[in-house]
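A closer look at the structure
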Amino acid sequence: DVKVTQSSRYLVKRTGEKVFLECVQDMDHENMFWYRQDPGLGLRLIYFSYDVKMKEKGDIPEGYSVSREKKERFSLILESASTNQTSMYLCASSDAERQYFGPGTRLTVT
Amino acid sequence: QKEVEQDPGPLSVPEGAIVSLNCTYSNSAFQYFMWYRQYSRKGPELLMYTYSSGNKEDGRFTAQVDKSSKYISLFIRDSQPSDSATYLCAMGAGGFKTIFGAGTRLFVKA
């Protein structure tokens, strides 16, 4: 079974803080993704990575950055958290079309 | 117009009913199609993957793809309260980009 883990299930941060969300997969997948999920808006792609140190912007990259130093680990960074970044953040990995998701991190920015 | 349209529901059915969940899409280049199940406060779980028109069955679940009509369906037979979740359709044309529907909330009443 593919296992994707995320560092926290719930996080509460203050406006302006730098926030790190970590994701680890154990299936040696090349591709990793970060999404946010909001009611009525579905899943929106923030960034993805198709190889170590490689990254591509998704549909909503503003206010976010990513890091992939090792194949199994993909980090999402909120440089200066804002209240409109309160959301469910989902990490996924894939070797082809099928994406496998982690449990999600529910981030609240106050 | 969104690339993928999915009725958000909620859809409420009695236990034992046959459930039909649907998505329409506009991009004729889409080649692969998936269904995910997402329980409350959890990450999406891949249920079905198909690459062609026609039906694919897995236990109580049947995925149907009609490329000529740009329409996909997921049927759940003998629905159970444990099937209560949000169901997301997803599809893509190859490469890294997968488009997700916004999800349909399903409630199966005991």
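Just so it is clear, the structure is predicted and the values come from calculations on it, not from any experiment.

Reading the values: rules and limits
Residues numbered from 1 in each chain as written. Chains lettered and ligands numbered in written order. Predicted model: local features only at pLDDT ≥ 70, side-chain atom pairs only at ≥ 80, totals over all residues. Heavy atoms only, no water. Contact = heavy atoms within 4.5 Å. Buried area = accessible area lost by both parts, 1.4 Å probe. Salt bridge = Lys/Arg side-chain N within 4 Å of Asp/Glu carboxyl O. Polar contact = N/O pair within 3.5 Å; in protein donor to acceptor, adjacent residues only side chain to side chain. Helix = DSSP H or I, 4+ residues; strand = E, 2+ residues; numbered from the N terminus. Nonpolar A, V, L, I, M, F, W, Y, C, P; charged D, E, K, R; others polar. Core = buried A, V, L, I, M, F, W, Y, C linked by side-chain atoms within 4.5 Å. Buried < 20%, exposed > 50% of the residue type's maximum accessible area, 1.4 Å probe, protein only. Pairing = 2+ DSSP bridges. 1 Å grid on protein atoms, 1.4 Å probe; cavity = no way out; pocket = protein on both sides within 12 Å on 5 of 7 lines; lining within 4 Å. Points joined across faces, edges and corners; volume = space filled by probe spheres on them. Axes fitted to C-alpha atoms, helices over the stretch in contact; angles between N-to-C directions.

We now examine the interface of chain A and chain B. Contacts between chain A and chain B engage 22 residues on the former and 18 residues on the latter. Surface buried jointly by chain A and chain B totals about 1700 Å² across both partners, of which 61% is contributed by carbon and sulfur atoms. Linking chain A to chain B there are one salt bridge. A salt bridge links A:Asp59 to B:Lys97, with the nearest nitrogen and oxygen atoms 3.3 Å apart. For the pair chain A and chain B, the number of links is seven residue pairs in polar contact (both at pLDDT 80 or more). Element by element, the count of residues in the side of chain A that touches chain B is highest for strand S5 (residues 42-51) of chain A, at five residues. Taken together, the residues that form the side of chain A that touches chain B break down as twelve nonpolar, six polar and four charged.

In terms of nonpolar packing, the biggest core is built from 24 residues, with B:Val4, B:Trp35, B:Ile72, B:Leu74, B:Tyr87 and B:Met91 touching the most fellow members. B:Ile72 has contacts with B:Leu21, B:Asn22, B:Cys23, B:Tyr25, B:Phe33, B:Trp35, B:Gln64, B:Val65, B:Cys89 and B:Met91, leaving out every residue within four places of it along the chain.

A separate point is the pairing of S5(A). All names here are of chain A. Of all the ten residues making up S5, seven are buried; the element is thus mostly covered by neighbouring parts of the structure. Note that strand S4 (residues 31-38) and S5 share seven bridges and pair antiparallel. Opposite tryptophan 34, over in S5, you have tyrosine 47 as the bridge partner. Once S4 ends, the chain turns through three residues before running back antiparallel as S5, passing glycine 40 with a positive phi of about 80 degrees. In textbook terms, the turn of a hairpin is the stretch between consecutive antiparallel strands, and for S5 and strand S6 (residues 54-57) this stretch comprises two residues, one of which, lysine 53, has a positive phi near 70 degrees.

Here the focus is the layout of surface pockets. Over the atoms a probe the size of a water molecule is rolled, and this reveals where empty space is left. Empty space within the largest pocket amounts to approximately 630 Å³. At the level of secondary structure, the elements contributing two or more residues to the lining of the largest pocket comprise S4, strand S9 (87-94) and strand S11 (105-109) of chain A together with strand S9 (85-92) and strand S11 (104-109) of chain B. Class assignment for the residues of the lining of the largest pocket results in ten nonpolar, twelve polar and five charged.

All names here are of chain B. Strands sit in the order S1-S3-S8-S7-S6 across an open sheet of five strands; the sheet is antiparallel. Lying at the two open borders of the sheet, with one neighbouring strand each, are strand S1 (4-6) and strand S6 (54-58). Pairwise comparison of adjacent strand axes, ignoring direction, gives a mean angle of 20 degrees for this sheet. Pairing between S6 and strand S7 (residues 61-66): five bridges, direction antiparallel. For glutamate 57, the partnering residue across the bridge sits in S7 and is threonine 62.

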